Amino acid sequence: MISIRTKKGYKLNIAGEPSHELEQLGKPTSVALLPERIPFVKPRLKVKVADQVKVGSPVFEDKRNPDLVFLSPGGGRITKIDFGPRRVIKEIVVELDQDEGYETFPIFNEAQVENIERQMLVKAIMTGGLWPLFRELPFRDIAAPDSIPPSIIVSLDANEPFQPMPEVYLKGKIELFEFGIKILQKLSEKLFISTSQNRSFILDQLNSYVTHICERVYPADDPGVLLYHIKKSFDENRAWYISGQDVLLLAMLFKTGKYPVERTVVIGGTLVRGKKHLLTRIGAPLSHLTKGRTDKTEKARYIVGGIFKGYKGGKDSYMGFYEKSLVLIPEGGEKEFLGFARPGFNKPSRSRAFLSFLNTSAFPMHCNCHGEERACINCGFCAQVCPVDILPQFTYKCILVDEIEEAIDHGLLDCVECGLCTYVCPSKLELCNVMKNTKKACYLEQL
Amino acid sequence: MKFLKKIFDSKRKHFAQGGRFEKLHPIFEATETFFFIPGIVTKNDAHVRDSLDLKRLMSMVIIALIPPLFFGIYNTGFQSNIASGLPVTFIAVSLKGLRIVLPVIIVSYVVGFLWEILFASIRKHSISEGFLVTGLLFPLTLPPTIPLWQVALGISFGVVIGKELFGGTGRNFLNPALTGRAFLFFAYPIKMTGETVWTVVSNVNSSGVDTFSGATPLAVSAVQGTASFIESLLAKAGFTFPKLFFGLYPGSIGGTSTLMCLIGACLLIFTGIASYRIMIGGVLGVLVAAYPGYIMSLVSGNSTVPMLALYPLYHLVMGGFAFGITYMATDPVSAPGMNAAKWIYGFAIGFLTVLIRIFNPAFPEGVMLAILFMNLFSPLLDYFEIHFRLKKRVPNV
């Protein structure tokens, strides 16, 4: 086991931490697929409204590679296909039947996985609809099925606030996980599994598999950060990664021959009562997760996927394919009288410019920017937190003047899109977003 | 508070697009955001943001400037009353100091803000908080006898040429306050240098004036042709080391007290707003530059350049070095952004300050020129460090 020391990063001390308790939720009335939230995909629909689907029926495919199919996470009737601006498909809603039908897929036992050809295995995962779980660094597109990755990274840590803890989703499923690891080993010779020092459960149970110990600071658990710290040459850049929980899905598909839809989701944030881990299914409606847990007094923001990396979801929207966290925090938006002159005992800040540095308790936070956008004053706070040693203040300026080559030299593609630079910026610049969009533009140009 | 909110809400329409005072929108916005942090919410990730904004950051610098400011007011009044033979009670001295310093600060802020508003309304952006600091830094570097029209001229030069011409806060490569001071220094040397500018003498009681000598410690040390050790010379003029450290002697309004600057520096370093690398680098630079000359003059016993014989620690407490390295050199916009570059930058400022002091008696105050000179080099320092750093990166294309 190799210890990775991340000098940078930040541990956000935010109130609303969920407990480790796991609650099994009942069956929702509908589930959905959100093609809009799957990166770079160009969906071609294979169903129409009012079609009947089973769990595991293909719903849409990727125009770039028609073998890449996305399967229905529920059995029932397609009731709505929601298009957004420029015909982007936002939601495909499936109303669930009482008795859901299941498509069947071939079952593999461990020996079969051991002996199967890599190509066949890839094909089995693709028809099983789980190939999109593999993502390719640095652009985080779905991995190219015909390529062999330099390594596959599995992160068994959750340092972003309010993500499912590996102790919870792996409880009682260690064997299943080990089976998943066997599948991954078949896909790539190098398999990196990381966790942090104080996850004794993982270290006990999966000791022989864990290759790297990361620090307990956000975003040290990100596969991009791990890769940044371990790579020796540029041909290691295109590593694949898959999240720990998704390894279980992979194993379940092969064990049961059914498209797995089980998901452990965390619900957290100050506006939620009974913050805990929920066992539900992929594509569950947000209202299903929050039922009976919210008060309607304060305007809440529904953040799907995490405080730093997630997106704003509507109250009546659904969990995405990748997202495992739902956070409800106040929208904010109130003006604060003489805010800059207050001592700030309860104003969370990384700097020591507020008296909050004396206060070690977790702070309730809302979505206020706490200030207006200004020009960059080169304070360098962003470079102090960037986990992959980019200099966001300089890289950002390179991008603004269209010096993309220089920005790439600065390590733009190493950016793990953690959002910490945006978080700390006192000029309230959207640093991370600018870098993310530039990365995306670079990728689309390469295609 | 509710009352204020109502006023702003009812007047907003006049300043909005198409309103009567559309052109003055930056003033309205600046005033409103002074009273209320705007309720802007995040549009995308990251969904939460740090509480620190530029207003808070700049207010911390203002708070760090309070010790030199208050002490400067007291000291100005004190020197003036001593020279004029007036009573030196705390109240009398403070009032006198206020009467001298306050107009300078007010002129600096008012004139500077007029320029800021003009540029902001033409460029249609909001007024940046950076000026809050510039507008206070500038008067503190001036001699108390400065005519107010020169204050206005200096701050205008600093804000317009030093900052706004290049695009405003964040895009200037020179420290605006020092640019303004340098302009006055070269354009009106009579009012900025010499022996008489450092104390306001009011002719109430002329008996005090006779005994008054206004030479600054820097001027005393630069006196030519003496073999005796310079400290005794300084001590004879009344400038002992503790006195220089505490700062109760004639000089620029805010720059005399090293102790006060030290308090400010501690606050700035603790809050993480100013770079300790620049400050420590600066102190090291001074010592490294001053020690060889000192040792040389100790060995030879005689020196043609008298300031070489000055005990190096004196350089830290004399003139405006402490003020400059604490508040001016650490301006993040005109300083380098990289860590090693910051060390070099600070070091070079200290080093150059001493060189200018020793070898160029025409410019007794070296720190201003040293900082402005290094401002020009900070992009280059950054460039080299980034270049060096990127070589170590595993490329990702």
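Let me sum up the structure you'll find in this document. (Residues numbered from 1 in each chain as written. Chains lettered and ligands numbered in written order. Predicted model: local features only at pLDDT ≥ 70, side-chain atom pairs only at ≥ 80, totals over all residues. Heavy atoms only, no water.)

## With respect to the interface of chain A and chain B
Point 1. Every contact between the two is made by 80 residues of chain A and, on the other side, 61 residues of chain B.
Point 2. Each partner contributes to the roughly 6,100 Å² buried at the junction of chain A and chain B, and carbon and sulfur atoms together form 55% of this total.
Point 3. By the criterion of area lost to chain B, the three top residues of chain A are A:K335, A:F340 and A:I377, representing 14% of everything that side buries.
Point 4. Joining chain A to chain B, the criterion identifies three salt bridges.
Point 5. Between B:R49 and A:E430 there is a salt bridge, with its nearest N and O atoms 3.3 Å apart.
Point 6. If you look at where chain A meets chain B, you find 28 residue pairs in polar contact (both at pLDDT 80 or more).
Point 7. Put simply, the parts of the chain that give the side of chain A that touches chain B at least two residues each are β18 (300-304), β19 (311-313), β21 (336-337), α10 (392-400), α11 (404-409), α12 (420-424) and α13 (431-446) of chain A.
Point 8. Per-element accounting of the side of chain A that touches chain B gives the leading share, three residues, to α12(A).
Point 9. Here the side of chain A that touches chain B is composed, by residue class, of 36 nonpolar, 21 polar and 23 charged.
Point 10. Across two bridges, the pairing between β21(A) and strand β1 (residues 36-37) of chain B is antiparallel. Each bridged residue has a counterpart across the sheet, and for A:F337 the counterpart in β1(B) is B:F36. (Contact = heavy atoms within 4.5 Å. Buried area = accessible area lost by both parts, 1.4 Å probe. Salt bridge = Lys/Arg side-chain N within 4 Å of Asp/Glu carboxyl O. Polar contact = N/O pair within 3.5 Å; in protein donor to acceptor, adjacent residues only side chain to side chain. Helix = DSSP H or I, 4+ residues; strand = E, 2+ residues; numbered from the N terminus. Nonpolar A, V, L, I, M, F, W, Y, C, P; charged D, E, K, R; others polar. Pairing = 2+ DSSP bridges.)

## Re the pairing of β18(A)
In regular strands, side chains alternate between the two faces of the sheet.
Residue and element names in this part refer to chain A.
Point 1. Among the five residues that make up β18, four are buried, leaving the element largely enclosed by the rest of the structure.
Point 2. In this structure, β18 lies alongside strand β20 (residues 325-330), joined through five bridges in antiparallel fashion. Along β20, the bridge assignment pairs A300 with P330.
Point 3. Pairing geometry for β18 and β19, over three bridges, is antiparallel. By the bridge assignment, I303 is partnered in β19 with K312.
Point 4. The hairpin formed by β18 and β19 contains six residues between the paired strands, and G305 there has a positive phi angle of roughly 105°. (Buried < 20%, exposed > 50% of the residue type's maximum accessible area, 1.4 Å probe, protein only.)

## Describing the packing of aromatic side chains
Point 1. Using the criterion set out here, one finds 33 aromatic pairs over all chains in the structure.
Point 2. Plain terms: the ring middles of A:F134 and A:W240 are 5.9 Å apart, the flat faces sit at 50° to each other, and that makes the pair tilted. Here A:W240 lies in strand β15 (residues 240-243) and A:F134 lies in the loop between α2 (118-127) and β10 (135-136), a separation of 106 residues in the sequence.
Point 3. Owing to a relative accessible area of 0%, A:F134 belongs among the buried residues under this scheme.
Point 4. With 4.7 Å between their ring centres and 75° between their planes, B:F166 and B:F173 make a pair best called edge-to-face.
Point 5. Here the aromatic cluster, defined as three or more aromatic residues joined through ring pairs, consists of A:Y10, A:Y218, A:F308 and A:Y423.
Point 6. Lying over the aromatic face of A:Y311, A:R37 brings its terminal NZ or CZ to 3.7 Å of the ring centre.
Point 7. Of note, A:R135 hangs over the ring of A:Y322, and the distance from its end group to the ring centre comes to 4.4 Å. (Phe/Tyr/Trp six-rings, centres within 6.5 Å; stacked < 30°, edge-to-face > 60°. Lys NZ or Arg CZ within 6 Å of the ring centre and 35° of its normal.)

## As for the nonpolar core
Point 1. Residues A:L12, A:I307 and B:Y345 are the most contacted members of the largest nonpolar core, which totals 138 residues.
Point 2. If we skip the residues at most four places from it in the chain, B:Y345 touches B:I278, B:A329, B:S334, B:A335, B:P336, B:I371, B:M374, B:N375, B:S378 and B:L381.
Point 3. Core analysis: the next-biggest nonpolar cluster, separate from the first, contains 70 residues, A:W131, A:L133, A:L170 and A:I242 among them. (Core = buried A, V, L, I, M, F, W, Y, C linked by side-chain atoms within 4.5 Å.)

## With respect to unusual backbone geometry
Residues and elements named next belong to chain A.
Point 1. Across the junction of L137 and P138, the peptide omega takes the value 0°, indicating a cis bond.
Point 2. With respect to the helices and strands, the residue P138 is situated in the loop between β10 and β11 (141-142).
Point 3. Omega for the bond connecting Y218 with P219 falls within 30 degrees of zero, at -5°, which places this linkage in the cis form.
Point 4. With respect to the element layout, P219 can be found in the loop between β14 (212-214) and α6 (223-230).
Point 5. One non-glycine residue, R86, adopts positive backbone phi at about 55°.
Point 6. Structurally, R86 is set in the loop between β8 (76-83) and β9 (89-96).
Point 7. Backbone geometry at N378 places phi at a positive 60°, although glycine is not the residue there.
Point 8. Relative to the helices and strands, N378 is located in the loop between β21 and α9 (381-385).
Point 9. Residue classification places N378 among the buried positions, given a relative accessible area of 9%.

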